[in-house]
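As a plain string of letters, each chain reads:
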Amino acid sequence: MSEKHLLVQSEGAGHGMEIDSISSGSPASPSPLGAQPMQLNGCRSFRSMLGSPDISLANNAYWGIPSRRWDANAWKRQSSSAEQLPVLMSLFGGEMSLLRSPLQPPSPGFSFDLTERNAVLGRLLEGSPPPRPVKTGTTISGMVFRDGVVLGADTRATSGDVVADKMCAKIHRISANMYCCGAGTAADTQKTTDLLASNLALFSLNSQRAPRVLMAASILQDTLYRYGGQIGAHLILGGVDYSGAHLYTVGPYGSVDKLPFVSMGSGSMAALGILEDRYKPNMEVEEAKVLVRDSVQAGIMGDLGSGSNVDLCVITAQAVDYIRPYQESQYTNGRNRKYKYPPGTTALLSEKVVPLRMELVTEAVQRMETH
Amino acid sequence: MWGILFYSVPVTGFCPHGSYGVQDTLRSGFSSVKNEILPSHPLELSEKNFQVNQEKMNFATVRNIQGLHAPLKLQMEYRAARQIQRLPFLQSSNLALDTLRNSDESIGFEDILNDPYQSELMGEPHMMTEYQLGLL
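On a predicted model such as this, the values are computed, not experimentally measured, just so you know.

K.L.:
Even after reading the chapter, I still don't get the pattern of salt bridges, so can you show me in this structure?
P.N.:
Pairs may arise between side chains of opposite charge once their charged atoms sit close together. The full count for this structure, using the stated rule, is 11 salt bridges over all chains. The salt bridge partner of K280 of chain A is E287 of chain A, with a shortest N-O separation of 3.4 Å.

Given below as C-alpha cells:
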C-alpha cells in the first residue's frame, strides 16, 4: 500500500473515500490502517470543542424505509460491515454525518442540493401551490394470449386537473421483442424505460444474445428499488423471448409480479374488472385484442384521468404490431385543422376592373460578369 | 481491518464558504446547521453510499462462496485501478475501474445527470490538491 492510503481518511462520514478516488466521485474501499485527524482550513472542529467524542462504528444496523416527510429523528443506521462504513460521530446522543464539502468534486447522479431550498420556498410561498409534474393518470393493461402478449393503453396525460396531452404514447419500445406500458409520472416512466432499453441494447451488443423479458424485469426492479419509490413509474412489461411469452408488472417501489393479465394506473380497477370477467388462457389474437381494448375502454369511461384513444401493441414471436390508434376517441370536438376556405364561400356582390396603363421610360442593358 | 476514522466537522458559522468569513447566500444558499449535518432528502445518504454498499455485498457473497482469496484478489485489482487518476480537480476517465465494475457496459442516472465533465463550477485546484495530500 502506498503512503497515500494512510493519509486522509475521509473527512466526511458520508464519503469514506480514499484520496486516490476523490476525483472519480465514487466512494472507495476501506483503509486497513488508522487515519490521521483532518482539519479543514481555518475551521474549528467538533473534536476540539467537545473533547474526545464518542465515536461509534455503525455496524449491523439497517436502513429503515424512508417516510414521505423526512423526519430527522426517525433515522436508523445503515447496514454494512464496519470498515467501509463512514464513521458517525455522536452528537446530542444521535448520529450525524458530514454531507457536503467544498473540497469534493460533485458526484455524478442525482443531486439533492435543492431539496432544502425547495422546502424553504414552499414555506415562504404558502399561498401559491407548487408546480405539479405531468402524470399519466392512466389505464394500461396487458394479457398473454396463445401466441404472445397484447398490451393496451389510453393516451391521456394530465397535469393536476388539466389534460396536458391528448395523444401521448404510453407504450414504450424496450427492444424488438419487448414493449413496456408506463403509468405514473410521465417523465419517470419515459426515462426509466429509455435507460432499460439502452442497457439491454448494450447487453445484446456485448454478449451477442437477445435479452430475456426476465432480465428486463430484474433491471427495472433493481433500479426502482434503489430509489425507494421516489421514481413514480408503474410499469407493465411484456415480451416474447425464446422461452415464450411473459408479462410482468413492476411497481414504483420495486415489486415485481408475473401474471397472465394485469392492469395499472388510475383506471386499473375498471380495466381489471373486464379482464377478470372474460380472460381465458390461450385466447386467439383477435379475441385478445378486443378484450384488451374493452378493458382500456372501461378505464376511459370510468376514470377521469384516462381518455382519448386506445393504443394496442401485439407482440408475437414473429412480429410486433404497434397499432396507434386502435380506436379513436368518439368525443373529439370536430376542430378544423385547416382554415382555408374554398372559393365561393363568400358571396361576390359586384366587380370593377380598372386597367393600369404603364409607360416605358428608359431601357438599359447591363452586362453581368459570369465566369 | 476495522480502522478508526477521525475527522472534523465544519460547524455552520465558523467556516462559511463565502469570502470575508460571511456566508455567501447567493452562491451557497441559505445557511442552517441542520442543512449541513442532516440529509434533506430521504435518498441522499443511500445514494451516496450505494456504490460502496453494493460492492461490499458482492464481495461478501463472493467470499462466502469462493473463499477469502477471491475478494482479496479482486480488491487488489480495484486498488490498483483506482490509483490511475488525474489530479483531484480534473476529471479522470476511470477506464480501468469502470471495466472492473462492469459499469462500462451499463447506463444509469450517474451517467446522465450531474455529469462532472459538464459541471459549471470547478474546484479550487490548490485547495483540492492539498486536501488530497493531507496538507490542508
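K.L.:
Quick question: what am I supposed to make of the sheet that holds strand 15 (residues 320-327) of chain A here?
P.N.:
Whether parallel or antiparallel, the strands of a sheet pair through hydrogen bonds between backbone atoms. Residue and element names in this part refer to chain A. Reading across the sheet, the 5 strands line up as 13-4-5-14-15 and stay open at both edges, with antiparallel pairing between neighbours. Both edges of this open sheet fall to strand 13 (261-264) and strand 15, since each of them pairs with a single strand only. Recorded for the sheet is a direction-independent mean angle of 15° between the axes of neighbouring strands. Here strand 4 (residues 140-144) pairs with strand 5 (residues 148-154) via 5 bridges, running antiparallel. Residue pairing across strands places I140 opposite A153, the latter belonging to strand 5. Contacts from helix 5 (residues 268-278) reach strand 4 and strand 13 within the one sheet, and its direction differs from that of strand 13 by about 165°. The strands touched by helix 6 (residues 285-302) within the sheet are strand 4, strand 5, strand 14 (310-316) and strand 15, with strand 5 carrying the most contacts at an inclination of about 25°.

K.L.:
Sorry, what's going on with the pairing of strand 10 (residues 233-241) of chain A here?
P.N.:
When a strand is regular, its side chains alternate between the sheet's two faces. All names here are of chain A. Strand 10 sits mainly inside the fold: 8 of its 9 residues count as buried. Relative to strand 10, strand 9 (residues 178-184) runs antiparallel, the two sharing 7 bridges. Bridging across to strand 10, A183 finds its partner in H234. The sheet contact formed by strand 10 and strand 11 (residues 244-250) spans 7 bridges and is antiparallel. Within the sheet, the bridge partner assigned to L235 lies in strand 11 and is V250. The loop that links strand 10 with its antiparallel partner strand 11 comprises 2 residues.

K.L.:
How should I be thinking about the UniProt feature "active site" (unreviewed entry) in chain A in this particular structure?
P.N.:
Residues and elements named next belong to chain A. UniProt records the feature "active site" (unreviewed entry) at T138, using the numbering of this structure. Relative to the helices and strands, T138 resides in the loop between helix 2 (114-124) and strand 4. Accessibility expressed as a relative area gives 0% for T138, which makes it buried. In this structure T138 touches D154, K170, A183, M264, G265, S266, G267, D303, G305 and S306, once residues within four positions along its chain are discounted. Among the polar contacts made by the side chain of T138, one reaches the side chain of K170 at a distance of 3.4 Å.

K.L.:
What's the story with unusual backbone geometry in this structure? I'm lost.
P.N.:
Put simply, R324 of chain A and P325 of chain A share a cis peptide bond, and its omega is 0°. For P325 of chain A, the position within the fold is in strand 15. Positive phi, normally seen in glycine, also occurs at N94 of chain B, with a value near 55°. Tracing the backbone through its elements, the reader meets N94 of chain B in the loop between helix 5 (69-82) and helix 6 (95-101). What makes N94 of chain B buried here is its relative accessible area of 11%. Residues other than glycine seldom take positive phi values, yet N102 of chain B does so here, at roughly 65°. Position of N102 of chain B relative to the elements: it lies in the loop between helix 6 and helix 7 (109-112). On the accessibility criterion, N102 of chain B (42% relative accessible area) is partly exposed.

Conventions we followed
Residues numbered from 1 in each chain as written. Chains lettered and ligands numbered in written order. Predicted model: local features only at pLDDT ≥ 70, side-chain atom pairs only at ≥ 80, totals over all residues. Heavy atoms only, no water. Salt bridge = Lys/Arg side-chain N within 4 Å of Asp/Glu carboxyl O. Pairing = 2+ DSSP bridges. Helix = DSSP H or I, 4+ residues; strand = E, 2+ residues; numbered from the N terminus. Axes fitted to C-alpha atoms, helices over the stretch in contact; angles between N-to-C directions. Contact = heavy atoms within 4.5 Å. Buried < 20%, exposed > 50% of the residue type's maximum accessible area, 1.4 Å probe, protein only. UniProt positions renumbered as here; feature names shortened; annotations may be inferred. Polar contact = N/O pair within 3.5 Å; in protein donor to acceptor, adjacent residues only side chain to side chain.

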